[in-house]
Amino acid sequence: MFTRPNISYAVNKVCQFMHAPTKSHWVAIKLILRYLKATSFFGLYRTHASSLSLHGVINVDWVESIDDRKSIGGYIVFLGTTLIL
Amino acid sequence: MSQTKQDCQHHFSLCFLIIVFVTSPSTVGLVLTIVVSKGWQIQQLDVHNMFLNSSLREVAYMAQPTDIIDSPLSTHVCRLHNSLYGLKQASRAWYTYLSDFLLTIGFRASKVDTSLFILTINHDVFYLLVYVDDILFTGNNSALIQRLITLLSSKFKLRDLGNAHYFLGVEVTLTSMRLMLIQHKYVLDILCCAGMSSYNPVDTPASV
């Protein structure tokens, strides 16, 4: 997860079924692994930034999920131009 | 007897509240971003037999090792002076030992991440990140960094791995203007472990 925030949503979803996984969850996990295979050279870049200012961005989809009626929110924090959180 | 056993259990439950050096990804990210922006170098150090370095504050005993039992005193047990691998206190003893030493030479511990130590001398700033026995060390004065590494290695048996290339399973490539972090090798290891090395790659991590 350290360098791959792009799979964090998918991994978090399958983790919710760890106590009683079914075949469909195994299919989902295999899909994540196959995605990793395609993107194994993906990573995070930290680029030179002249200003190290801190700023954050959030987004929430108010009760958008039709499966569980839950809201999904997220936030990211940048130091300069680099994602740190 | 039951009293003693309870004491032991209480003692062990305390030991589970172990402070271990586990750096959070955001701390590493923060420090690395500063490194790139300031154009610093990162040194990676590795501590040899870290648990054996530290002395033990608690009284702990162990049975005599099966190979070297002192036959006239075969019912005796050994009292531990130093920490051993596998001991519940081992990682905490190591934490205390290292952080005490770093604090005596002028470092201060970060208030939010116990594995980050900061040293400021006049206009020089140094950051020391510890992940169990792996250490990342950076700062704006490379001559002083080398002197501090010498100082550290007088206390612990250290291996200087030079500029950081591979830390916590992350491949680190540092050029003058940017730093790249990838986990290519780790992905291959997972695929190999799952027996999926020959599977076809896909473009999305989940079905849409």
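What you see is a predicted model, and the numbers here were worked out from it, not measured in a lab. (Residues numbered from 1 in each chain as written. Chains lettered and ligands numbered in written order. Predicted model: local features only at pLDDT ≥ 70, side-chain atom pairs only at ≥ 80, totals over all residues.)

## Thoughts on the overall build of chain B
Item 1. Along chain B, the regular secondary structure elements total 6 helices and 11 strands.
Item 2. Among the 208 residues that make up chain B, the fraction classed as buried is 29%.
Item 3. Within chain B, contacts between residues at least 6 apart in sequence are counted, and of these 59% link residues at least 24 apart. (Helix = DSSP H or I, 4+ residues; strand = E, 2+ residues; numbered from the N terminus. Buried ≥ 20, exposed ≤ 12 C-beta atoms within 10 Å, placed from the backbone. Contact = placed C-beta atoms within 7 Å.)

## A short note on the overall build of chain A
Item 1. Assigned secondary structure in chain A consists of 2 helices and 4 strands.
Item 2. Along chain A, from the amino end to the carboxyl end, the secondary structure elements read α-α-β-β-β-β.
Item 3. Against the 2.2 N^0.38 benchmark of 12 Å for 85 residues, chain A shows a C-alpha radius of gyration of 16 Å, more extended than a compact globule.
Item 4. In terms of principal-axis extent, the alpha carbons of chain A reach across some 50 × 35 × 20 Å.
Item 5. Excluding contacts between residues fewer than 6 apart, the proportion of contacts in chain A whose partners are at least 24 apart in sequence is 34%. (Rg over C-alpha atoms; globule rule 2.2 N^0.38 Å.)

## What to know about the nonpolar core
Item 1. With 42 residues, the main nonpolar core has Val31(B), Val35(B), Leu128(B), Leu129(B) and Ile135(B) as its most contacted residues.
Item 2. Other than its neighbours up to four places away in sequence, Leu128(B) contacts Leu102(B), Phe107(B), Phe117(B), Ile135(B) and Phe137(B). (Core = buried A, V, L, I, M, F, W, Y, C linked by C-beta atoms within 7 Å.)

## A word on the sheet that holds strand β3 (residues 72-79) of chain A
Item 1. Taken together, the 3 strands give an open sheet; going across it, the order is β2-β3-β4 (chain A), and neighbouring strands pair in antiparallel fashion. The open sheet terminates on both sides in strands that have one partner only, identified here as β2 (54-61) and β4 (82-83) of chain A. (Pairing = 2+ DSSP bridges.)

## Description of the interface of chain B and chain A
Item 1. Every contact between the two is made by 34 residues of chain B and, on the other side, 30 residues of chain A.
Item 2. Of all the elements in the fold, those that place two or more residues in the side of chain B that touches chain A are α2 (25-38), β11 (178-182) and α6 (184-193) of chain B.
Item 3. Per-element tally for the side of chain B that touches chain A: the top contributor is α2(B), with 9 residues.
Item 4. The residue makeup of the side of chain B that touches chain A, split by class, is 23 nonpolar, 9 polar and 2 charged.
Item 5. Two strands pair when backbone bridges link them, and strand β1 (residues 43-47) of chain A and β11(B) are joined in this way by 5 bridges, in the antiparallel orientation. Paired with Gly43(A) across the two strands is Ile182(B), which belongs to β11(B). (Nonpolar A, V, L, I, M, F, W, Y, C, P; charged D, E, K, R; others polar.)

## Some details on unusual backbone geometry
Item 1. At Asn122(B), a residue that is not glycine, the phi angle is positive and equals roughly 50 degrees.
Item 2. Within the secondary structure, Asn122(B) sits in the loop between β5 (116-121) and β6 (124-131).

## Concerning the sheet that holds strand β7 (residues 134-139) of chain B
All names here are of chain B.
Item 1. Spatially, β4-β5-β6-β7-β1-β8 is the arrangement adopted by the 6 strands of the open sheet, whose pairing is antiparallel. Every interior strand has two partners, whereas the edge strands, β4 (108-109) and β8 (158-163), have only one.
Item 2. Relative to β7, strand β1 (residues 41-47) runs antiparallel, the two being bridged by 6 bridges. Looking at the pairing, Gln41 lines up with Gly139 of β7.
Item 3. Helix-sheet contacts for α2 involve β1, β5, β6 and β7, and the interaxial angle to β6 is about 145 degrees. (Axes fitted to C-alpha atoms, helices over the stretch in contact; angles between N-to-C directions.)

## Topic: the packing of helix α1 (residues 8-15) of chain A against helix α2 (residues 23-38) of chain A
Residues and elements named next belong to chain A.
Item 1. As a packed pair, α1 and α2 sit with axes 10 Å apart at the nearest point and diverge in direction by 155 degrees. With respect to each other, α1 and α2 are oriented roughly antiparallel. With respect to the hand of their crossing, α1 and α2 are arranged in left-handed fashion. Between α1 and α2, the residues in contact are Ala10, Val11 and Val14 and His25, Ala28, Ile29 and Ile32, respectively.
Item 2. Of the residues assigned to the contact of α1 with α2, the class counts are 6 nonpolar, 1 polar and no charged. (Parallel < 35°, antiparallel > 145°, perpendicular 65-115°, else oblique. Left-handed = near helix turned anticlockwise from the far one by under 90°.)

## Overview of the domain arrangement of chain A
When the parts come together, some accessible area is lost, and that loss is often what is quoted as the size of the interface.
Item 1. As far as domains go, chain A holds domain 1 (1-44) and domain 2 (45-85).
Item 2. Each of domain 1 of chain A and domain 2 of chain A was reduced to a C-alpha centroid, and the two centroids are 20 Å apart. (Domains from an automatic or database assignment.)

## Quick look at the environment of Ser50(A)
Item 1. Structurally, the position occupied by Ser50(A) is in the loop between β1 and β2.
Item 2. Accessibility expressed as a C-beta count within 10 Å gives 7 for Ser50(A), which makes it exposed.

## Re the environment of Pro201(B)
All names here are of chain B.
Item 1. Among the secondary structure elements, Pro201 is positioned in the segment after α6.
Item 2. Residue classification places Pro201 among the exposed positions, given that 12 C-beta atoms sit within 10 Å.
Item 3. Placed 48 residues apart in sequence, Pro201 and Ser153 show a C-alpha to C-alpha distance of 46 Å.

## Considering the pairing of β5(B)
Residues and elements named next belong to chain B.
Item 1. Bridge count between β4 and β5: 2 bridges; the pairing is antiparallel. Residue pairing for β5: Arg108 is matched across the bridge by Ile118.
Item 2. Once β4 ends, the chain turns through 6 residues before running back antiparallel as β5.
Item 3. Of the pairings in the sheet, the one linking β5 to β6 comprises 6 bridges and is antiparallel in character.

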